[in-house]
Amino acid sequence: MKSIVVANWKMNPATFKEARKLFEATRKAAESAKNVAVIVAPPAIFLRELSVGYKGKRLSFAAQNAHYEAGGAFTGEISMSEARDAKCSSVIIGHAERRGMGEENDDTRRKVVAALTIGLTPVLCVGERTRSQSGEHFEFVREQLVAGFADVPPAKIPRVIIVYEPVWAIGAERPMNARDMHEMAIFIRKTVVDRYGQGGMNLKILYGGSIDESNAEDMIQNGDVNGLLVGRASTDAEKFSALVSALGAL
Ligand code: PGA
């Protein structure tokens, strides 16, 4: 079974020397697991130096975030074209931690279309902060999806990768139950199809939140997902290699 693994290093590691070492291990893991497509998202400042030195095909690069404007007075930001120029083929949009810093649905809407326009794959993250018995989280996720796809031409809908990452499962002790993920994957596809048409059937859906080498396989086999977004375990060379090889064996 082919799966996608996004290695989101977040604001780690502290030095380029460590980043190069971690990348080496990530590259080896990716190259030994033919049916796993690894997408590495290092801190922007390390991106180009890692990507220009990589000549293989098994792994690709993503920016952790990029601005929707083409350029201008946006101190601290990077643009989609800068990310592409640094050999990224995709960009994470609306990660829960960015949303926590003030990114809104309207920003993700602009970013998704800006990425597609320039030829980057948007990796659009959605997920509720909390859950209650009443099921309001479905409505919350629906709004995030409806906004994220609002300006996407129907033919380009299948190019977007969705990551469902409930905030309460990020940085936690364990991921959400795979069966609940299965339910959410059906909901995500249905929401996009109902609102924007059949392209939604072909969406790739990933799960993110406390995935490591011990639970990745269960989530892929029972969660109805095409892959995983991995935070902490992607910055531990041993854990990440074990995770990729577990998926490689499926
Ligand atoms: P974590 O992060 O794997 O460290 O929980 C996941 C995420 O950011 O979605």
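A brief structural summary. Bear in mind the structure is a predicted one, so any value in this text is a computation, not a measurement.

1. Observations regarding the site of the ligand
No. 1: In the vicinity of the ligand, the contacting residues are K10, H95, E165, I170, G171, G208, G209, S210, L229, G231 and R232.
No. 2: K10 is positioned such that a nitrogen or oxygen atom in its side chain is 2.7 Å from an oxygen atom of the ligand.
No. 3: In isolation the ligand offers 280 Å² of accessible surface; the protein chains occlude 99% of this area.
No. 4: Residues of the shell around the ligand, tallied by class, amount to two nonpolar, six polar and three charged.

2. Examining the nonpolar core
In summary, soluble globular proteins display a tendency toward joint burial of nonpolar side chains.
No. 1: By size, the foremost hydrophobic cluster in this structure holds 65 residues, and its most contacted members are F149, I162, M181 and Y207.
No. 2: By residue number, the principal contributor to this core is helix 7 (residues 178-196), which donates seven residues.
No. 3: Ranked by size, the runner-up nonpolar core spans 12 residues in total, among them V6, I39, A41 and C125.

3. Concerning the pattern of salt bridges
No. 1: Across all of its chains, the model carries 15 salt bridges by this definition.
No. 2: Of the charged contacts, one joins D106 and R110 as a salt bridge, the two residues approaching to 3.8 Å between their closest N and O atoms. Pair noted here: D106 and R110 are both in helix 5 (residues 105-118), with a separation of four residues, about one helical turn.
No. 3: The class of R110 is partly exposed, set by a relative accessible area of 33%.

4. Considering the packing of helix 5 against helix 6 (residues 136-148)
No. 1: For the pair helix 5 and helix 6, the least separation of the axes is 8 Å and the interaxial angle reads 40 degrees. Regarding the angle of helix 5 to helix 6, the classification is oblique. Considering the relative orientation of helix 5 and helix 6, their crossing is right-handed. On helix 6, the residues that touch N105, T108, R109 and V112 of helix 5 are E143, Q144, A147 and G148.
No. 2: Residues of the contact of helix 5 with helix 6, tallied by class, amount to two nonpolar, four polar and two charged.

5. Looking at the side chain of Q144
No. 1: Within the secondary structure, Q144 sits in helix 6.
No. 2: Its relative accessible area of 3% is what places Q144 among the buried residues.
No. 3: Setting aside anything within four residues of it in sequence, one finds Q144 in contact with R99, N105, V126 and G127.

6. Considerations on the state of the cysteines
No. 1: Counted under the stated rule, the structure contains zero disulfides.
No. 2: Left unpaired, C125 is separated from the closest cysteine sulfur, that of C88, by 15 Å.

7. Digging into the sheet that holds strand 7 (residues 204-208)
No. 1: Strands sit in the order 1-2-3-4-5-6-7-8 around a closed barrel of eight strands; the barrel is parallel. The average angle at which neighbouring strand axes cross in this sheet is 25 degrees, direction not considered.
No. 2: In this sheet, strand 5 (residues 121-126) lies alongside strand 4 (residues 88-93) in parallel orientation, the contact comprising four bridges. Of the residues in strand 5, the one forming a bridge with V91 is P122.

8. Quick notes on unusual backbone geometry
No. 1: Of the consecutive residues N12 and P13, the connecting peptide bond is found in the cis state with omega at -10 degrees.
No. 2: Along the chain, P13 falls in the loop between strand 1 (3-8) and helix 1 (16-32).
No. 3: Of note, the phi angle at K87 is positive, near 75 degrees, even though the residue is not glycine.
No. 4: On the secondary structure map, K87 appears in the loop between helix 3 (80-85) and strand 4.
No. 5: Unlike most non-glycine residues, D224 shows phi in positive territory, near 60 degrees.
No. 6: Following the sequence through the fold, D224 ends up in the loop between helix 8 (216-222) and strand 8 (227-230).
No. 7: Classification of D224 as partly exposed rests on a relative accessible area of 25%.

Definitions and limits used
- Residues numbered from 1 in each chain as written.
- Predicted model: local features only at pLDDT ≥ 70, side-chain atom pairs only at ≥ 80, totals over all residues.
- Heavy atoms only, no water.
- Near = heavy atom within 4 Å.
- Polar contact = N/O pair within 3.5 Å; in protein donor to acceptor, adjacent residues only side chain to side chain.
- Areas by Shrake-Rupley, 256 points an atom, 1.4 Å probe, with all protein chains shown as cover.
- Nonpolar A, V, L, I, M, F, W, Y, C, P; charged D, E, K, R; others polar.
- Core = buried A, V, L, I, M, F, W, Y, C linked by side-chain atoms within 4.5 Å.
- Buried < 20%, exposed > 50% of the residue type's maximum accessible area, 1.4 Å probe, protein only.
- Helix = DSSP H or I, 4+ residues; strand = E, 2+ residues; numbered from the N terminus.
- Salt bridge = Lys/Arg side-chain N within 4 Å of Asp/Glu carboxyl O.
- Axes fitted to C-alpha atoms, helices over the stretch in contact; angles between N-to-C directions.
- Parallel < 35°, antiparallel > 145°, perpendicular 65-115°, else oblique.
- Left-handed = near helix turned anticlockwise from the far one by under 90°.
- Contact = heavy atoms within 4.5 Å.
- Disulfide = S-S within 2.5 Å.
- Pairing = 2+ DSSP bridges.

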